[in-house]
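Examination of the molecular architecture
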Amino acid sequence: MKKPIDKISIVFGYILIILGIVFPFVQGIEKEYTVFGAWFTSLFNHDFLAFWQHNFASGTQAMVGSGLLLLLIIFSFAEAVGLTFDYRNMLLPKMKNVSLFFLMIGVAYLQFFQVNIALLFVPGLAFIEFMLSRYLDGKPERDREYAETKAAKLTMKEDKKERLDFKGTYPKLLKKIIRKNWLFYRQDSVILVVGNLVSYTSVVLLLVFYRSFSVLHNQESIFNKTGLLRIFIESGGILGLLLLIFLTYVTGVYLSFRTTNNGLWILLGIRRKTYLWMLIREYLLNISLAVVFGTFLLLPIVRVDWLVFVIAILIQLMFSVLTLAFHQEQILRLLQFKHKESVDVRKGNVKYPIIWLSVGIVSLVITFLWFSRRKSSETYFIFAPLAIGLLGIVYGGAALGQQLLKHSHSYYEQFLNFTDFFYQFRKSVSLVVLLILLQVFCMGILIPRIITYQMTEEATIFPYTIMAKVKAEDVLQLKKISEEQNAEMNIFPMLPITSVDGDPEPEMYGTQRPVMIIQGQHVGISEDTYQLLRKKIGMNEQPLHLAKGFWHVVYQQTISIQAQPIDWDPGSSLPRLRIGQPLEEYDTANVDNLFPIRQIQSEERSILTGMFQRGLQENLIVLSNKDFQQAVKEQPNFARQLVLIRTADEETMVKELAFLSEKYADERRWDESIQPFYARGQRKQNVVTENKLEMMVLIFLVIISQLLCFSLLLNKYVSEKNVWTDRQNLLGLLGIRERDRRKLVNRQLRLFLLLPIVLAVGTSMGFIFTMFGLRFFNQVERQEFWSHFLSAIIGYIFIWYCGYRWCGNQIIKWVI
């Protein structure tokens, strides 16, 4: 007799094959096709791709979407036929589920399914069958767990009646014992107090800097997408996530300490409610100590209103509640006076280590290819494939090393050194991967950013007091103002150049390509102007030898910011640039003519007029002299003048040029962040304060990452204390001397120091060398970077070694 789950798969498999053969769901330009009919027609057509492109509005999307439908129907039907004749193939259900997974992604993103709404009926039926199968497949296990839970509750009630819920009142001596016990085990509370102190002070300092920077910045720079708001969201989110993970491990270690010391309360027969209140009171007391000590520690340093401290306390309280929620199971065991159930120790038996290594290598290649792509580089999303890559390399490499060691002559000599990787393989590998990720985060991402911010020279960010882009009719008035203010003014011809997309935020495509808002705005100049601008700031000439139709891009930003692409258009690998102002409306089907794809002959990072918009816009685009003159001749209405002014009285000059903001106010409707003129004072203040905020957050992230590493190690040692003790006792009974046992412990611990550091340094080098290319480092900058980096890494590894050594000394005290 077939199971209900098999009957469901059979019924749905036959229904899907009938829908795929009989019903014409696929809407073409001239006629409708069934799923099988469309594919049979295309396969017998003399030009396979031409059939899909000419007969369907969505082109290749129709081929991909209908192909996913075809695979789902075929796998479902094949499984149904097999189950009909009591034949089971383990591969078919997996292939069916994979097809359904990619089909659901296609439904969300492919225009083909938006045009053919009726097609959603097929994946809808498959999804219903998937959910029913999952429900029926897990129902016996859920019923069994429910019965076990019910029996456990009955046992708990009986236990409560017998021991945990006795009637009567506690003697005064018990309260004294509770206080004495907390004081006796006060060292166990130190880690919780210190962890919350670090978290609380980090939150307070972050809020203080936010408030101080928001006062220094103008409102516009805070809320545009290139100013403080982006830093607030990114830095605050990453710091909050790391603090939450850090506190989770710290709380776990604290609860492990409390678990080992709860035997006294069992003997005293304490009520469960009393014990719970005692734990909560101790937990809140430790957090309160951290908050009070942190507040008095910070009061002499920062002077702000009490609202900052109130907000920080609320945030810290939220973190504390969340970390307790993550340890529900451990708290319940504490309340029931039960230790964690021991898990059978089994040898690591990893199959196919070569496949694991291959997957890891491929994932690392994907990571670095993704990182080297300028539109998506230096983002934290790259840690997803990086984690998979490191897991594959460490998992496969450790398994391969384990197999090689088994067949080597030194197996018995080295066996004890690799006990963790023999009997706690998955746990040890997971710990190593986490440590490597945190080390790469520090050495490959955070520390290089800190160094580049240190290398930023504020004097070179804005070489001119005022930079303006005006029409020719305004030049005489500007000259008159400059003469009155005894200012030095330089005028150069320019053309506004606009990219189809100037916003790094992803665009959501619907049935048609949207008009990109915000469009990127840049400054177009001739090669002669480019050489003059270099000469004006003391740089040597650099002949470009631009060919006809080829352009050169000067990314105007400091070394601390990557060279942003001049066009963020996700549908093009080359920039779409037009000579002229942005367009509010245009026929998106004619984008190739309105925003032609340009050829970029060369690129560089250099500040010739000033850094604005953190490198996203206002870059310089250099055309050959002939191309520039021809563009001005063909489109004279687009011609502008680039005005660069140096003056000692910036404030007065800004007031005199205020009329430009009013005159060109209408042009800001495309992008509020683009100004007709920029003043050095406010912009420099914005950049400097943003850099300080970034530096502060990066330093916080490095500290929290290091503390998290130490928490991971300490949590491992505390949770495995009994295992380490039993192992050392056994070696002592075998007659191994204490000196040799100490050496053995050190060798076992050294794996968790050296392996993460070596792999993290190697991986970090890949990120750093890629960063050199993304930010266009020159030879001098590379030498300066390496001098700073080597000093920072030596200090970082020394701190890591000290933390590891402290953890090692603690475990030696416990077990020997």
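Right, let's walk through the structure included here. The structure presented is a predicted model; accordingly, all values stated were derived computationally and were not measured. (Residues numbered from 1 in each chain as written. Predicted model: local features only at pLDDT ≥ 70, side-chain atom pairs only at ≥ 80, totals over all residues. Heavy atoms only, no water.)

A rise of 1.5 Å per residue sets the reference length of helix α17 (residues 383-406), with its 24 residues, at 34 Å; its end C-alpha atoms lie 34 Å apart and thus fit the reference within 8%. Among all positions in α17, only F383, P385, L386, G389, L390, G392, V394, Y395, G396, A399, Q402 and L405 are buried. (Helix = DSSP H or I, 4+ residues; strand = E, 2+ residues; numbered from the N terminus. Expected span 1.5 Å × (residues − 1). Buried < 20%, exposed > 50% of the residue type's maximum accessible area, 1.4 Å probe, protein only.)

Tallied over the full model, the rule gives zero disulfides. Left without a disulfide partner, C442 is nearest to the cysteine sulfur of C709, which lies 6.4 Å away. The buried category is assigned to C709, whose relative accessible area is 0%. (Disulfide = S-S within 2.5 Å.)

Attention now moves to the pairing of strand β10 (residues 640-646). In terms of burial, β10 is a largely internal element, six of the seven residues being buried. Note that strand β3 (residues 466-470) and β10 share five bridges and pair antiparallel. Looking across to β10, one finds that M467 is bridged to L644. When strand β4 (residues 488-499) meets β10, the two strands line up antiparallel, connected through seven bridges. (Pairing = 2+ DSSP bridges.)

Turning next to the nonpolar core. Residues F441, L701 and F785 are the most contacted members of the largest nonpolar core, which totals 99 residues. No other element matches helix α20 (residues 425-455), which puts 20 residues into this core. When sequence neighbours within four positions are dropped, the list of residues in contact with L701 reads I238, L239, L242, Y380, F441 and L446. The next biggest cluster of nonpolar side chains, apart from the first, holds 31 residues, and it includes L19, W52, L110 and F112. (Core = buried A, V, L, I, M, F, W, Y, C linked by side-chain atoms within 4.5 Å. Contact = heavy atoms within 4.5 Å.)

A grouping of R739, K743, R747 and R750 is seen on the molecular surface, where their side chains present a positively charged patch. Of note, R739 is situated in helix α29 (residues 738-775). (Patch = residues over 30% accessible without salt bridge, like charges linked within 9 Å, V, L, I, M, F, W, Y side chains within 5 Å. Areas by Shrake-Rupley, 256 points an atom, 1.4 Å probe, with all protein chains shown as cover. Salt bridge = Lys/Arg side-chain N within 4 Å of Asp/Glu carboxyl O. Lys, Arg positive; Asp, Glu negative; His and termini not counted. Charge placed at Lys NZ, Arg CZ, Asp CG, Glu CD.)

This next bit is on the environment of F25. Here F25 shows up in the loop between α1 (4-22) and β1 (26-27). As for F25 and L119, which are separated by 94 residues in sequence, their C-alpha atoms are 5.8 Å apart. Non-local contacts of F25, meaning those with residues more than four positions away in its chain, are made with L19, Y33, T34, N116, A118, L119 and V122.

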